[in-house]
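Below, each chain spelled out in residue letters.
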Amino acid sequence: MGKKLLLKNAHIEGIRYFETYRKHGGYEAAEKALKMKPEEILEEVKTSGLRGRGGAGFPTGMKWSFLAKPEGVPRHLVVNADESEPGTFKDRYLMEFLPHLLIEGMLISSYTLGSNTSYIYIRGEYSWIPDILEEAIEEAKAAGFLGKNILGTGYDLEIYVQRGGGAYICGEETALLESLEGRRGNPRLKPPFPAVKGLWERPTVVNNVESIAAVVPIIEIGGAEYAKIGVGRSTGTKLISACGNINKPGVYEIDMTITVEEFIYSDEYCGGIPNGKKLKACIPGGSSVPIVPANLLLKTINGEPRYMNYESLADGGFATGTMMGSGGFIVLDEDQCVVNHTMTLARFYNHESCGQCTPCREGTGWMYKILKKIEKGEGKMEDIDLLWDIQRKIEGNTICPLGDAAAWPVAAAIRHFRDEFEWHVNNPELSQTQNYGIANY
Ligand code: L3W
Ligand code: SF4
């Protein structure tokens, strides 16, 4: 049984409510933190080695230490709850079942950063969750953990929940800030980073829901103990939302020392693949990260087992490895068609592109059109090379990472599954009625 820090009390009935959460040790970390100096908390977070859980894996303590502190200018904490990455639904689970864990994490983090007004920007489609969060905020306020002069310390904090309008791009931190300010969610050029110029041009830390929730156990057990869990630079625990062709889809907390094989096949996690089918491939970090075929997923290029952590998943770089990303773990069995899968993703990125940069706006549209053509059996061999060429022209040439996120899945699919693309070109009639997987296994 892996170590549980975030979900250790998730099974307790009523843990969503303040009274039950408090009865099981809730807000004790906040009480401890409010007796510490903000610099001491920052040191604990740095020592913990916590890395951002939204996708980039950037060290949280380092981000916090970048926060500018000009005299007389308010600072803000913004929680990125715009969880829209296909395959990723772990923040939804945290907010729905453990809202007080997020509020407590926000209290500790806001106090550390010197924010008196903090925000949760939540994906618009999560329409039932803002009520849960707002109820938790009211409960925390009534108990003296939010509002004016919290626990008599003189520290004030208000938390506001802002609903998004349903655009994936608003999960990109600068687009989120634009949207929070009331404008269209177009990403800004970085630098300046939000830590220097963020919400209303004020210093702002934007962190993912899970990252902020993880601050609670870090204060509970101390940064050094947290850093002992996991391995190398993959410290602590990570939530993984598992879906696709597995027996037990759901949200799991892992300690980043287990192998990918164990995660897919053990009963504690995904419970294997339905109907005894073979594993074809997996996208371990949400739809934006490269797809990896089974042979490279279970072993690294050095023949070592592949582990569920930042370093091992990336082993070999993008040519053979992938990324931990946001922890949206999508499993494809032998019946699935990689071309069809890639086309679905290309449609998504084309739809979600904000249109500011030409390579992304035009390139995502072209990739979708060509993939659709190939998938329907109407493609030519040159189309596969054209597709490769387009994705290369997008990667690294855009304002925000959506361009890369659209390019990587296409690149990895061609790199590892070119035979499937060629099968569609060579079998136009079969392509009309079947997919590669069903026809070839
Ligand atoms: C101050 C510096 N701050 C970096 C901060 C920066 C940001 C964080 C990471 O993309 C990835 C993307 C998706 N001074 C700084 C600094 N920072 N240098 O550190 O920055 P960055 O640019 O590496 O990444 P990002 O823009 O945050 C996120 C990948 O995540 N992804 C997407 C997931 C989507 C969801 C969702 O829908 N919710 O999770 C999945 O893998 O491809 O690479 O805060 O300001 N010098
Ligand atoms: Fe918009 Fe795409 Fe450019 Fe990002 S990469 S700013 S989504 S056009």
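Preceding block: the structure.
Reading the values: rules and limits
Residues numbered from 1 in each chain as written. Chains lettered and ligands numbered in written order. Predicted model: local features only at pLDDT ≥ 70, side-chain atom pairs only at ≥ 80, totals over all residues. Heavy atoms only, no water. Near = heavy atom within 4 Å. 1 Å grid on protein atoms, 1.4 Å probe; cavity = no way out; pocket = protein on both sides within 12 Å on 5 of 7 lines; lining within 4 Å. Sits in = over half its atoms within 2 Å of the grid points. Nonpolar A, V, L, I, M, F, W, Y, C, P; charged D, E, K, R; others polar. Helix = DSSP H or I, 4+ residues; strand = E, 2+ residues; numbered from the N terminus. Polar contact = N/O pair within 3.5 Å; in protein donor to acceptor, adjacent residues only side chain to side chain. Areas by Shrake-Rupley, 256 points an atom, 1.4 Å probe, with all protein chains shown as cover. Pairing = 2+ DSSP bridges. Axes fitted to C-alpha atoms, helices over the stretch in contact; angles between N-to-C directions.

A. Region of the structure containing the site of ligand 2. Residues in close proximity to ligand 2 total 13 residues, the closest being Cys354, Gln356, Cys357, Cys360 and Cys400. Because more than half of its atoms lie within 2 Å of the grid, ligand 2 is assigned to the largest cavity. For the shell around ligand 2, the class distribution of residues is 8 nonpolar, 5 polar and no charged.

B. Structural view of the environment of glutamate 71. For glutamate 71, the position within the fold is in the loop between helix H4 (60-65) and strand S1 (76-81). Once the C-alpha coordinates of glutamate 71 and lysine 3 are considered, the two residues, 68 residues apart in sequence, prove to be 42 Å apart.

C. Examining the site of ligand 1 more closely. In the vicinity of ligand 1 there are 21 residues, among which Gly54, Lys63, Ser84, Glu85 and Glu173 approach most closely. Measuring from an oxygen atom of ligand 1, one finds a side-chain N or O atom of lysine 63 at 2.6 Å. The backbone of glutamate 85 places a nitrogen or oxygen atom 2.9 Å from an oxygen atom of ligand 1. If ligand 1 stood free it would expose 910 Å²; the protein chains cover 76% of that surface. Residues that form the shell around ligand 1 fall into these classes: 8 nonpolar, 7 polar and 6 charged.

D. Molecular detail of the sheet that holds S1. Ordered by their spatial adjacency, 4 strands build an open sheet running S3-S2-S1-S4, and the pairing between neighbours is parallel. The open sheet has two free edges, formed respectively by strand S3 (158-163) and strand S4 (204-208), since each of these has just one partner strand. Within the sheet, the average angular offset between the axes of one strand and its neighbour, ignoring direction, is 20°. Direction of pairing for strand S2 (residues 117-122) relative to S3: parallel, over a ladder of 6 bridges. Among the inter-strand pairings, tyrosine 119 is bridged to a residue of S3, identified as tyrosine 160.

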